[in-house]
2 protein chains.
Amino acid sequence: MITVQEALKIILNNSQTFGVEEIPFLESVGRVLKENIIADRDFPPFNRVSMDGIAINHRYFKQGIRDFTIEGIQAAGAENKTMNNPSNCMEVMTGAVLPINTDTVIRYEDVNIKNGIATITEDKLELGKNIHSQGKDQRQGDVLIEKNKIISAAEIGVIASVGKTLVKVSVPPKVMIVSTGDELVEVHETPSSHQIRRSNVFTLVSLLQKLNIRADISHITDKKELLNEKIAYFFKEYDVLLFSGAVSKGKFDFLPEVLDELGVNKLFHRVAQRPGKPFWYGVKDNKSVFAFPGNPISTYVNCLVYFYPWFADSIGLELKKETVILGEDFSFKPDLTYFLQVKVENIDGNKIAFPVKGNGSGDLVSLVRADGFIQLPKEKTTFKKGEILIFIRYR
Amino acid sequence: MITVQEALKIILNNSQTFGVEEIPFLESVGRVLKENIIADRDFPPFNRVSMDGIAINHRYFKQGIRDFTIEGIQAAGAENKTMNNPSNCMEVMTGAVLPINTDTVIRYEDVNIKNGIATITEDKLELGKNIHSQGKDQRQGDVLIEKNKIISAAEIGVIASVGKTLVKVSVPPKVMIVSTGDELVEVHETPSSHQIRRSNVFTLVSLLQKLNIRADISHITDKKELLNEKIAYFFKEYDVLLFSGAVSKGKFDFLPEVLDELGVNKLFHRVAQRPGKPFWYGVKDNKSVFAFPGNPISTYVNCLVYFYPWFADSIGLELKKETVILGEDFSFKPDLTYFLQVKVENIDGNKIAFPVKGNGSGDLVSLVRADGFIQLPKEKTTFKKGEILIFIRYR
């Protein structure tokens, strides 16, 4: 049985690319940028007034002059004006171009205006004050945002500023999520006493939605011919297949057999971990098949531990490892990597992880009480309060 | 001039409610749940087999018997079967109902099967092993998810399990975002040398999108009559108005005057903070008007510091304060609360905040290099490496 690390390595060796598309910039939040965003002009593009007030020529202030005749107004959005008499001043508005022949701005708070004369009330005045000078932030041609970044509100502002109505982002894969298991009924149905409602496919849809992937869903009953036929069709229509269930040792766990018949190259089956051990992974024509065990927590944790990094690698996104501090002693004996559900408290800049008690991989309600999983290495059995561990967050 | 704390208190005193709507559960990710989710039956609803293998009556194992004749199969999704001869065994599949007259499951890994006889290879066997017993996780009628929680993938699974095809969530407010300023041109236009492209409205749209609010946008040039007319209309159509610009001391900053004329009750103007000081806030007929200063960072930080908590309070969501550890010494002299842009590194379970150098509130590109703002209290001027500070995250 291979380890979590080995399994992940195999999966990352099989990441794919799905190309690049151009979309309206305002729809790109959460997507991964696939082009550098370049400054089309200087930032700011002109010597920009950054306070409402008056603009003067600092030389006259230095000579001791405090009274300045107001020669005119430079409004934001107006063409650049020239102050004709250099010992005068101009009223200037935030966002305006600095008038020609002026070099310093004094805000209204530090000025008295009476009968067309502005009197500066401050005794100290720095040359160039309250001017956001052309190119101070960035020069034309500078890279403002590097590609492969997730686009957030901060990037949207910059993308708008440089006039990119369309922006290049990675295309998400077409994903089919399939549940199996004859015990499952639809959400709107009332299950008989031996049945339960489908839930894993919807959990997976939501986990993928977080990655901006819209997935389709399907259910196949535990019949070999039906599995065979439907999966063959899915391979034609989708880039990735995700399964939940039918990969364990049960009499009706036909999935590995069917995938083999369909020519999918099994790269591993079973990983030394809990929950989620019977995970099956294979590839056909560069298309990945993630067949997760059907217990709710198994499906959930495997999607986070394997599919998320595979997707990030596929679209060129670097995932940062997050760590947390264990909040209480914990022990786990079996020779398996254990993914322990935890609630993480933010305490004084530290992230402290407290184990959430659950009743095994079938206890889906326990997910509601946790924020993620910590990864307990298989080489150890006891973990002490204060230890630093890898955290796999889902909220 | 009021403090950040006073301003926030006033704003939270004016939170509103926008009601509750029922939507398809799979569309509810990121929304705030407005009903308790109750267990419609026990979790699990029956004594559920949790491993593929055989089910026996433990009494016979205890008597030393290791060979059990296979009487039949209990598949997942099949009605509950009865084992007629209590010294026999039944093959059982994960997810199946435990057969009547059995009480313990042995996984296939610990059994040899030959000629219809299953021989247990283990010497120790706990009564009730590999059975996820009825009601062990939750009892019928238990609250599985409490209302006012943000719905994530974990909640979606539980909501599906209890058959809630529709789920009650809070209705987001109808928001209009208005930019002002004659220097602004559209994103697709090429600005003249004294102009820049609009960006703040798009940043605000994206920040609100993160809260699952879809906002409309508009631009009004710096003309009083136009402002008056358009804002009067917006009050009819929207629950909240967000402005960017025209609230400072400029000659064309008509917004406070116009809002006054329209009967909006000004609750404050100017807050002892940087950036974002000229922030104006008022209320008309319970409708909030957030008029943010037009500098990009001012608009951005004020949306996070004021609109976000107002919205959370309005829909009944409890926001948790996040803290970080300052990564290097920093000083800020003015008697203002300072919102400092920082990049946060996750180091050994600690969140360390490193200041991001920017050129003031106009430097929107600096937002791309940061993850959020730390809030430096106005009472202090020097902040030492290692201090714990409030963190306002935007990515």
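Residues numbered from 1 in each chain as written. Chains lettered and ligands numbered in written order. Predicted model: local features only at pLDDT ≥ 70, side-chain atom pairs only at ≥ 80, totals over all residues. Heavy atoms only, no water.

Enquirer: Looking at this structure, how should I read the interface of chain A and chain B?
Expert: In many analyses, interface size is given as the accessible surface area lost on bringing the parts together. With 96 residues of chain A at the contact, the number on the chain B side is 95 residues. Applying the counting rule to chain A against chain B returns six salt bridges. Here chain A and chain B share 40 residue pairs in polar contact (both at pLDDT 80 or more) between them. Those elements that provide at least two residues to the side of chain A that touches chain B are β11 (143-145), α3 (153-161), β15 (196-197), α4 (200-209), β22 (322-326), β24 (337-347) and β25 (350-355) of chain A. Here the side of chain A that touches chain B takes eight residues from α3(A), the largest share from any one element. In the side of chain A that touches chain B, the residues fall into 39 nonpolar, 29 polar and 28 charged. (Contact = heavy atoms within 4.5 Å. Salt bridge = Lys/Arg side-chain N within 4 Å of Asp/Glu carboxyl O. Polar contact = N/O pair within 3.5 Å; in protein donor to acceptor, adjacent residues only side chain to side chain. Helix = DSSP H or I, 4+ residues; strand = E, 2+ residues; numbered from the N terminus. Nonpolar A, V, L, I, M, F, W, Y, C, P; charged D, E, K, R; others polar.)

Enquirer: Just to check I follow, could you spell out the side chain of B:S161 for this structure?
Expert: Mapping B:S161 onto the fold places it in helix α3 (residues 153-161). Judged by relative accessible area, B:S161 falls into the buried class, the value being 12%. (Buried < 20%, exposed > 50% of the residue type's maximum accessible area, 1.4 Å probe, protein only.)

Enquirer: Teacher, can you tell me more about the relation of the copies chain A and chain B here?
Expert: One copy of the chain maps onto the other through a rotation about an axis followed by a shift along the same axis. With an RMSD of 0.0 Å, the fit of chain A onto chain B corresponds to turning through 180 degrees and sliding 0.0 Å along the axis. Expressed as a symmetry operation, the mapping of one chain copy onto the other fits a two-fold axis. Relative to the rotation axis, the C-alpha of A:N350 is the closest in chain A, positioned 2.2 Å from it. Looking at the interface residues of chain A, 98% of them are also at the interface in chain B, so both copies use one shared face. (Least-squares fit on C-alpha atoms with pLDDT ≥ 70 in both.)

Enquirer: Can you walk me through α3(B) in this structure?
Expert: Side chains that are three or four residues apart share a direction in an α-helix, a result of its 3.6 residues per turn. Counting buried positions along α3(B) gives nine out of nine residues, so the element sits mostly inside the fold. Of the positions making up α3(B), those classed as buried are B:A153, B:A154, B:E155, B:I156, B:G157, B:V158, B:I159, B:A160 and B:S161.

Enquirer: Can you help me understand the confidence of the model for chain A in this one?
Expert: Do not read the predicted coordinates in detail wherever pLDDT is low. The pLDDT averaged across chain A works out to 96; a share of 100% of its residues lies at or above 70. For this predicted complex, the interface confidence score (ipTM) comes to 0.94, while the overall pTM stands at 0.94. (pLDDT = per-residue confidence, 0-100.)

Enquirer: Where do I start with the sheet that holds strand β17 (residues 240-244) of chain A in this structure?
Expert: Residue and element names in this part refer to chain A. Taken together, the six strands give an open sheet; going across it, the order is β16-β13-β17-β21-β20-β18, and neighbouring strands pair in mixed fashion. A single partner strand is all that each edge strand has here, and the edge strands are β16 (215-220) and β18 (265-269). For this sheet, the mean inter-axis angle between neighbouring strands, taken without regard to orientation, is 20 degrees. Inspection of the sheet shows β17 paired to strand β21 (residues 287-292) by five bridges, in the parallel sense. Within the sheet, the bridge partner assigned to S244 lies in β21 and is F292. Along the sheet, α4 contacts β13 (175-180), β16, β17 and β21; its crossing angle with β13, the most-contacted strand, is approximately 160 degrees. The strands that helix α7 (residues 296-315) touches are β13, β17, β20 (280-284) and β21; relative to β21, the one it contacts most, it runs at about 160 degrees. (Pairing = 2+ DSSP bridges. Axes fitted to C-alpha atoms, helices over the stretch in contact; angles between N-to-C directions.)

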